[in-house]
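# Overview (structure and organization)
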Amino acid sequence: MYMGAMPRRAVRLAAAATALATVALGAAACGSDSNGSGDGKVELTYVSYGGTGQDAMIKAWQEPYTALNPNVTFINTSPPDPAQVKAQVQTGAVTWDLVSTAPWLASQNCGTIYAKLNVQYDPSQFPPNLHGECFIADFRYSLIFSYNTKKWPDPATAPRTIQDFFDVEKFPGKRGVVPALQDGILEWALIADGVDPEDVYPIDVQRALDKWDSIREHTTWAANVGALLQLVTSEQVDMQLMVQARNQAALDAGASLAPVWDVTMTSIDGMAIPLGAPNQAEAEKFMAFLLQPEQQAMMAELSGVAPSNLLSEPKLTENGEKINAFGPANTGRSVAVDPIWWGQNWNQISEEFNRWLNV
Amino acid sequence: MMTSRPRWLPHPGWLLLIPAVALLGGILGVPLWQSFWRSIGSGDWTLEHYSALFTDGVTLKVLARTGQAAAVVTIVTLLLGYPYAYLMTRVGPLWRSVLVVMVLMPFWTSALARNFGWLILLYDNGLVQRFLGLFGFDDVVLYGTAQGVTLAMSQVLLPFMVLPLFSALGGIDRKLLLAARSLGSPPLVAFWKVYFPLSRGGVVAGVILTFTLACGFYVTPALIGSPRESLIAQLLGQRTTQLLDFAGAGALGTLVLVVTLVLVWWANRMGGSMATIGVVAGQTGTRR
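Residues numbered from 1 in each chain as written. Chains lettered and ligands numbered in written order. Predicted model: local features only at pLDDT ≥ 70, side-chain atom pairs only at ≥ 80, totals over all residues.

### Observations concerning the overall build of chain B
For chain B, the helix and strand inventory stands at 14 helices and 0 strands. In chain B, the succession of helices and strands from N to C terminus is α-α-α-α-α-α-α-α-α-α-α-α-α-α. With 288 residues in all, chain B has 31% of them scored as buried. Considering only contacts in chain B between residues 6 or more positions apart, those separated by 24 or more positions represent 78%. (Helix = DSSP H or I, 4+ residues; strand = E, 2+ residues; numbered from the N terminus. Buried ≥ 20, exposed ≤ 12 C-beta atoms within 10 Å, placed from the backbone. Contact = placed C-beta atoms within 7 Å.)

So this is what it looks like as structure tokens:
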């Protein structure tokens, strides 16, 4: 290719400039650093599920904490992807301080990906064994069996027991479920099959899957709880196993549904600190703060989850009270999912479950 | 007055490539290598992560399902796209613009909005189901099924088929058809023996693009499909974000990459031209 003197010089100049710029950019990327200045200011990076849930956390926990401790501010981001936590810890570049984490996951990777915690709280204010070595239970939630009251308007002939969920002859219709093992769907099926709630662990996986198999053709597995809520509000399913907050959201949106208070699974949501987080001590103080009764109550009022602190007395809306598995509305019994057991057995069972689901 | 460059020194214009190479190497090459490195045991040489893929009872099934879905999407888009692209070469500039706008429309809406749109259309008692009901197909369930996902993916991927076809068909000399006719060939035979073989490059380019993109689809099957009928990208996501099994995910990713590359190589040998893909990728970007 022929080039005159001027263009050639221009090309050379441009090339040199480009090469220089690349090197400079690379150096800038490596050299940048933030966080941890010397004047006592702390920025906690807080990672949760986003949406209205995280907004509630900001209002109920973060803003009051900053009001009390003006030197502490928060950077909020989402989603709390555990793969990112693992990558940060493995590469030694941890930037997250507080991460919403499934309790079984924190317990499974305790001391390797998640830091062992030293959080000050009064154990008598919480149900026994609620918090783990590497997570605190920042709130509780329940998995509620509810049905469309348009389909079964008369309470006398509507579903009343968890056996009814699996009885497609007596109660024909579509069932909606999220395949989230941590919510207790296997335990629930076992109890419906006649296992005593005291004896669900260790879980007889085959028996639980056989139970789900019995209504396989009538079950719509939703990809996530948001998708299930959509199915419920657009009446694509007739009865469902759905977490409490989303039942409330459906009621608030005007959906006609009623809970079946027979056996309800309860779980906890976990919050953890990545191993090597920049501000672990401050993050632990914040954890102790959010576990207080008032903070817990405010979170429950704002988001429809349940407090983990037993002294907490949230004032719920009418719909919130109607669907509250932790309040007087629940006339059945509650069974708690065991995150520690799941931490030990998750990988194997989730693989087995996945195989069953995709057959 | 020009200083002459030594023979061994490449032309300085090559320096302009440094940013692109650095960017690609940094954000694509290095992580890709790391995934692969982890999948073979990070130095402790092992193939267990690969053998696990073939024995866990899920991966092969999902891989086959993904291949099948991608193949159906490719065929559907080819059948819809070929006449469309042909029409684009036969109309005037105004109508051609209209047709281009129509086919590019999906790119101008957010992927999420588009998928939620399909969600509502595909629901039970939704528009699509009621429409099919008019013709007596009463219980076609599309939400949460592979069929529904295939339908939505076909719409999203149609431009990737139409554009390479259009650029190939536009370059065909129509006088050849006249020549065939004048030598006594009926129109259909002339099309099949003269026109279609000349369009093969565009067909193969479109097929490669559509198929490989379909293999990696995540949002559409996650929203419209069902966890019961996962495609490979969902399996990858699950392995990474739930099981934190980076080595296993690396193995799965490598397997998918190899399978895709082999298919592309094979299709390329069948007479496509990667240059056509380059042209199209430049025109459309590769957003999904």
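From this point, the narrative continues.
### Remarks on the overall build of chain A
Per the secondary structure count, chain A includes 13 helices and 10 strands. The burial tally for chain A puts 44% of its 359 residues in the buried class. Considering only contacts within chain A whose residues lie at least 6 apart along the sequence, 73% involve residues at least 24 apart.

### So, the confidence of the model for chain A
Residue and element names in this part refer to chain A. Residue-level pLDDT values for chain A average 90, and 89% of them are 70 or greater. Every residue in residues 1–6 scores below 50 in pLDDT, and together they form 2 contacts with partners more than four places removed in sequence or on other chains. In this model, residues 28–37 is a region of pLDDT below 50 whose contacts with residues beyond four sequence positions or in other chains number 3 contacts. (pLDDT = per-residue confidence, 0-100.)

### Notes on the domain arrangement of chain A
Residues and elements named next belong to chain A. Domains assigned within chain A are domain 1 (42–139 + 269–318) and domain 2 (142–267 + 338–358). Each of domain 1 and domain 2 was reduced to a C-alpha centroid, and the two centroids are 27 Å apart. Each partner contributes residues to the interface: domain 1 has 10 residues there, and domain 2 has 11 residues. Considering every element that reaches the side of domain 1 that touches domain 2, the biggest residue donor is helix α4 (residues 103–108), with 4 residues. In the side of domain 1 that touches domain 2, the residues fall into 5 nonpolar, 5 polar and no charged. (Domains from an automatic or database assignment. Nonpolar A, V, L, I, M, F, W, Y, C, P; charged D, E, K, R; others polar.)

### A few points about the interface of chain A and chain B
Between chain A and chain B, the residue contacts involve 26 residues of the former and 28 residues of the latter. Secondary structure elements with two or more residues in the side of chain A that touches chain B: α1 (5–31), α3 (82–91), β6 (219–221) and α13 (339–358) of chain A. Ranked by residues supplied to the side of chain A that touches chain B, first place goes to α1(A) with 9 residues. Tallied by class, residues from the side of chain A that touches chain B come to 12 nonpolar, 9 polar and 5 charged.

### A few points about the nonpolar core
Formed by 92 residues in total, the largest nonpolar core has its most connected members in A:Leu98, A:Tyr114 and A:Met299. When residues are assigned to domains, this core turns out to be shared by domain 1 (42–139 + 269–318) and domain 2 (142–267 + 338–358) of chain A, each giving three or more. Here A:Leu98 is in contact with A:Leu44, A:Tyr46, A:Val47, A:Met271, A:Ile273, A:Ala283 and A:Phe286, once residues within four sequence places are set aside. In this structure, B:Ala85, B:Leu122, B:Ala205 and B:Leu252 belong to the second largest nonpolar core, which totals 52 residues. (Core = buried A, V, L, I, M, F, W, Y, C linked by C-beta atoms within 7 Å.)

### Some thoughts on the packing of helix α2 (residues 51–68) of chain A against helix α11 (residues 293–303) of chain A
Residue and element names in this part refer to chain A. Running from N to C, α2 and α11 cross one another at 155°; their axes reach a closest spacing of 9 Å. Taken together, the axis directions place α2 and α11 in an arrangement best described as roughly antiparallel. Crossing geometry of α2 relative to α11 is assigned as right-handed. Contact residues: Thr52, Gly53, Ala56, Met57, Lys59, Ala60, Trp61 and Pro64 in α2; Gln295, Met298, Met299, Leu302 and Ser303 in α11. By residue class, the composition of the contact of α2 with α11 is 8 nonpolar, 4 polar and 1 charged. (Axes fitted to C-alpha atoms, helices over the stretch in contact; angles between N-to-C directions. Parallel < 35°, antiparallel > 145°, perpendicular 65-115°, else oblique. Left-handed = near helix turned anticlockwise from the far one by under 90°.)

### Quick notes on the pairing of strand β3 (residues 98–101) of chain A
Residues and elements named next belong to chain A. With burial as the criterion, each face of β3 is covered, one bearing Leu98 and Ser100 and the other bearing Val99 and Thr101. Relative to β3, strand β1 (residues 42–47) is paired through 2 bridges, and the arrangement is parallel. Residue pairing in the sheet places Tyr46 in a bridge with Leu98 of β3. (Pairing = 2+ DSSP bridges.)

### Description of the environment of A:Gln348
All names here are of chain A. Tracing the backbone shows Gln348 in helix α13. On the neighbour-count criterion, Gln348 (10 C-beta atoms within 10 Å) is exposed. Measuring from C-alpha to C-alpha, the distance between Gln348 and Phe126 comes to 31 Å, with 222 residues separating the pair along the chain.

### Let's talk about helix α13 (residues 246–269) of chain B
All names here are of chain B. Helix length check: α13 (24 residues) gives 34 Å between terminal C-alpha atoms against 34 Å at 1.5 Å per residue, within 8%. Burial in α13 covers these residues: Phe246, Ala247, Gly248, Ala249, Gly250, Ala251 and Leu252. Check the buried side of α13 and you find it contacts α1 (18–39), α2 (48–55), α3 (59–90) and α12 (232–241). (Expected span 1.5 Å × (residues − 1).)

### What to know about unusual backbone geometry
Residue and element names in this part refer to chain A. The omega torsion across Ser78 and Pro79 is 0°, close enough to zero to call that bond cis. With respect to the helices and strands, Pro79 occurs in the loop between β2 (72–77) and α3. At the junction of Tyr201 and Pro202, the peptide bond is cis and its omega measures out at -5° in the coordinates. In this structure, Glu235 takes a positive phi of about 55° despite not being glycine. Tracing the backbone shows Glu235 in the loop between α8 (225–233) and β7 (239–243).

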